[in-house]
Every structure is written in C-alpha cells, then in structure tokens.
Amino acid sequence: MNTLARIESALPLPITVDDVLAARTRIAGSIVKTPTLISQTLSDMLGCSIYLKFENLQFTAAYKERGALNRLLQLDEASKEKGVIAASAGNHAQGLAYHGKRLGVPVTIVMPTTTPIVKVTQTRGHGATVVQFGEKFDDAYAHARKLEVEQGLTFIHPFDEPDIMAGQGTVALEMLEDAPQIDTLVVPIGGGGLFSGMATAARAMKPDIRMVGVQAELYPSMYSFIKGGDLACDGDTLAEGIAVKQPGDITRRVVERLADEVLLVSERRLEEAVSLLLQIEKTVVEGAGAAGLAALLTYREQFVGRNVGLVLTGGNIDTRLLANVLLRDLARSGRLARLRIILQDRPGALFHVARIFDQEAVNILELSHQRIFTNLPAKGLSLDVECETRDGAHLQRLIAALREAGYEVAPIEVA
C-alpha cells in the first residue's frame, strides 16, 4: 500500500448513515418512494432471489433526483438567486433542472454532444439552459467548471459531493426496509455517487451485506482504481450514464473501503439486460440502469442462492436506440434472422425458395437480390432474406430444409 493509500484508509469516510437519514427527511414528499419488488421470472432464470428497485419510476426516470434535491435544499439564498451549473450526460441534469425549477433556482447544464436527444430535450423541458460541449463527460465537465468561474455560478457535481452521495443513499434505506432479506446489493458505478451513498446506508443497517459494483467494460475507471490497473476508458457504450473516465476523489475512497467486488460487463450483456427487463418486467431501462442485471447474467455463479437487490437506475433511453437493442436481441435469439442463399438466375428460382419458407411456416419480412457486387458466376445471384421465426430451433429447421433442397445458405450473424 502506497503512502497516499495509507493516508486515505485512515481518514473517516465523507458521509455517515446519519447524513443519509437527514437527506431522507429533507427530500421527503418531493421524491417518489419507488417500489422494491421481487422478479419471480428473473429469479427462476438466474437461480437467486432478485429484488428490483424501480428508480426508473421517478418523475425524471432516475434516482439522480435524490442527490440533486438534497444539495439544492442546502444552498444559501445568494447561491439560489445566482443559480447553479452542472456537467451531466442526462439524469443528473434532469433531476437538477426539475427541482431547480420547482425551487426557483436557475440551472445551467453542460452536456456532451453525444448525449441522447431525449435527455437533452427533457432537460430543456424542465427549464434548464443546456450547453452542449465535447464528446465525453470529462470534456463537458471541464467546460462547466470554466463557466462556473466566468458566471459566478455554484457547481453541483453529479457524484463527488457528500450531499449528493447522501441523497443517493436513500435508495438503500428504502430497499432494505421494503425487502430486509436482501443480502447482496449490485449497484452500477460511473463516478461512484450512488454506490457510495447506498453502501454507507446499507452497511449501517446490515453490516454483513455484500456490496458489488458494476461498470461497463469500455469505461472501467473505478475498477482500474480498485484493482490497481490502468485500463483504457473509451468507446460508444450503451451505458452512457456510467461512462466516466475518472472516478471521484471522494467516492473512490468509499468504494475502496466498502465494495466487496467491482465487476465489468460487456456491451452484449448490457443489451441483453435491457431487452430482458422490457420483455419480462415490462419496464424501460437505459443501459446504465440495466448494468446490475447484466452483472448477474455474466457472473451468475457468484449470486446463486443469494437474495440480490438491483437498482433500475434510469429509464431515459433513446427510443431509436431501444428499437435497435430489441431487434438485435431478437436476431441473437434466432427469432429474427437474415439468410444469404445462393441461387441460379433463372425464372422460378425465387418461387421455389419461398415455397420452402411457406412449408416451414416462416414469415418473410424483406428480400434483397445481388447480381453485380458478387464473386459468383455471371449466371448466379445471392438472395438475402430477412425472416421471422418462433425461436432458434425453428430457424435451424428452416436452414436444414433449404440445404436439403440443394441450396447453399448461411446466416448473417449479429455481433
């Protein structure tokens, strides 16, 4: 352990459970007490009891309201009149904008240019001034700190402030009061504010509770800090809400002290988790909000037999992106497929292929011929058929029937 680590380990943590309890009293009546419900289907699927905290049911569809309101309520009158500023990929922005408008506090938000349009539109709809700058959160953050000085505004950090962390910790209070049997909490980590607040509250209520953090593989900033590594943080992740290159100076102390484990999840698992929550729970969750379930799908052996609490941290996913995720999941499961079939370019060729689809009760959605841009002989062509099947086994029966009829056929896979 280096000198800095030894010093930090000896320091008291920045918040206590009393701070979280005070935050709950402060924000009561202005925040939705969202339900914590068991998911029987997911529990059966993964071999553990899974309790879901539906924070996507907050007015702005994310838990970020809790910390934002707790911080706003403690501003002095001069700061309230001048206004506040923040950098955010969306959910902190909406929480701050919504409650700032309620309290009469002017709010300026700096967002990355890559922020989903739904979050930009909703933040403006809550009355905030939105400035878009840079491609990543860190770019937006640096610009916000510049505007803070130039305009004399109060900066409200999305995660690295004790009042923010304490507000987010109220999620754990509610979860463990509603489902005291929970013995493991799996919490998404971007900068670490939610995890820090929840771990502080949860450990005070149940000292032996297991605390597991989750990050996207493309942005393993807190994971690298905890593990002592130096992994790259970059790329287009579905979980843009936790795409943070640098963990908080304050939050990393809490995570290092209270986390039993920090896990990484792939983009594919994040997509699968978003799709499963919509199909099974009929609830819309963004990539960051589904990170906890993605961890259970990836590391299921670690959670077998346990009572696991997951926070559905946000529901602000772009509708076009959600459509893509759902269609890709259908393709991976074999319910939606694109087959490339090699044909001879002669009358009736398409009819004979279509007859096999009819015999196998497979619905054809789209056809595409290719005669020119191919290395086939001049009298050959490739036919791409997009089709809909019942499941993977049904798709394999169709492929077998086509090959039995003498056709060369190959599925076009989704990554």
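If you're wondering where the values come from, they're calculated on a predicted model, not measured in any experiment. (Residues numbered from 1 in each chain as written. Predicted model: local features only at pLDDT ≥ 70, side-chain atom pairs only at ≥ 80, totals over all residues. Heavy atoms only, no water.)

Draft legend 1. Spotlight on the overall build of the chain. When helices and strands are tallied, the chain shows 17 helices and 14 strands. Viewed in the frame of its principal axes, the chain has a C-alpha envelope of about 80 × 50 × 45 Å. Taking the contacts inside the chain whose residues are at least 6 apart along the sequence as the reference set, 73% of them involve residues at least 24 apart. Surface accessibility of the chain: about 18,000 Å² in total, with carbon and sulfur atoms responsible for 51%. Separation of charge centres in the chain, based on 43 positive and 50 negative side chains, amounts to 2 Å. (Helix = DSSP H or I, 4+ residues; strand = E, 2+ residues; numbered from the N terminus. Contact = heavy atoms within 4.5 Å. Areas by Shrake-Rupley, 256 points an atom, 1.4 Å probe, with all protein chains shown as cover. Lys, Arg positive; Asp, Glu negative; His and termini not counted. Charge placed at Lys NZ, Arg CZ, Asp CG, Glu CD.)

Draft legend 2. Highlighting the sheet that holds strand 3 (residues 84-87). One open sheet holds the 4 strands; their spatial order is 5-4-3-6, and the pairing between them is parallel. Each edge of the open sheet is held by one strand with a lone partner, namely strand 5 (129-132) and strand 6 (154-155). Alignment of strand 4 (residues 107-111) against strand 5, held across 4 bridges, turns out to be parallel. Its bridge partner being in strand 5, Ile109 is matched across the sheet by Val130. Most of the contacts of helix 8 (residues 137-151) go to strand 3, to which it runs at about 160 degrees, and overall it touches strand 3, strand 4, strand 5 and strand 6. (Pairing = 2+ DSSP bridges. Axes fitted to C-alpha atoms, helices over the stretch in contact; angles between N-to-C directions.)

Draft legend 3. Main features of a nonpolar patch on the surface. Together, Leu350, Ile364 and Leu367 line one region of the surface with nonpolar side chains, adding up to about 200 Å² of accessible area. The class of Leu367 is partly exposed, set by a relative accessible area of 40%. (Patch = residues over 30% accessible without salt bridge, like charges linked within 9 Å, V, L, I, M, F, W, Y side chains within 5 Å. Salt bridge = Lys/Arg side-chain N within 4 Å of Asp/Glu carboxyl O. Buried < 20%, exposed > 50% of the residue type's maximum accessible area, 1.4 Å probe, protein only.)

Draft legend 4. Representation of the environment of Asp19. Turning to its location among the elements, Asp19 is positioned in helix 2 (residues 17-27). Here Asp19 falls in the partly exposed class, since its relative accessible area comes to 33%. Separated by 35 residues in the primary sequence, Asp19 and Phe54 have C-alpha atoms spaced 23 Å apart. Setting aside its immediate chain neighbours within four residues, Asp19 contacts Pro14 and Ala166. From its side chain, Asp19 meets the backbone nitrogen of Thr16 in a polar contact 2.8 Å long. (Polar contact = N/O pair within 3.5 Å; in protein donor to acceptor, adjacent residues only side chain to side chain.)

Draft legend 5. Inspection of the packing of aromatic side chains at higher detail. A full pass over the atoms with the stated rule returns 2 aromatic pairs. Arranged with centres 4.4 Å apart and planes meeting at 25 degrees, the rings of Phe59 and Tyr98 form a pair that is stacked. One end of the pair, Phe59, is in the loop between strand 2 (49-53) and helix 4 (64-72); the other, Tyr98, is in helix 6 (residues 91-103), and 39 residues separate them in sequence. Ring centres of Tyr141 and Phe155 lie 5.5 Å apart, and the angle between their planes is 85 degrees; this geometry places the pair in the edge-to-face category. Taken together, the residues span a long stretch of sequence, with Tyr141 in helix 8 and Phe155 in strand 6 at a distance of 14 residues. The exposure class assigned to Tyr141 is partly exposed, which follows from its relative accessible area of 25%. Cation over ring: Arg145 sits above Phe155, and NZ or CZ is 4.0 Å from the ring centre. (Phe/Tyr/Trp six-rings, centres within 6.5 Å; stacked < 30°, edge-to-face > 60°. Lys NZ or Arg CZ within 6 Å of the ring centre and 35° of its normal.)

Draft legend 6. Up close: unusual backbone geometry. One non-glycine residue, Ala61, lies in the positive phi region at around 70 degrees. The phi torsion at Lys282 lies on the positive side, around 55 degrees, for a residue other than glycine. Structurally, the position occupied by Lys282 is in the loop between helix 13 (267-281) and helix 14 (291-298). Given the relative accessible area of 65%, Lys282 is considered exposed.

Draft legend 7. Molecular detail of the sheet that holds strand 9 (residues 261-265). The 6 strands lie next to each other as 1-2-10-7-8-9, forming an open sheet whose pairing is mixed. With partners counted over all chains shown, the strands left at the sheet margins are strand 1 (36-38) and strand 9, one partner each. Taken over all neighbouring pairs, the strand axes of this sheet differ in orientation by 25 degrees on average, direction set aside. Relative to strand 10 (residues 307-311), strand 7 (residues 184-188) runs parallel, the two sharing 3 bridges. The residue bridging Val186 from the neighbouring strand is Leu310, located in strand 10.

Draft legend 8. The arrangement of the pattern of salt bridges in detail. Using the criterion set out here, one finds 16 salt bridges in the structure. One salt bridge in this structure joins Arg145 and Glu148, with 2.7 Å as the shortest N-O distance. Here Glu148 and Arg145 lie together in helix 8, a separation of 3 residues that amounts to about one turn. According to the relative accessible area criterion, Arg145 is partly exposed, its value standing at 30%. Under the relative-accessibility criterion, Glu148 is labelled buried at 18%. In this structure, the salt-bridge partner of Arg332 is Glu271, at a minimum N-O distance of 2.9 Å. Remark: Glu271 occurs in helix 13 and Arg332 occurs in helix 15 (residues 319-332); sequence separation between them is 61 residues. Owing to a relative accessible area of 22%, Arg332 belongs among the partly exposed residues under this scheme.

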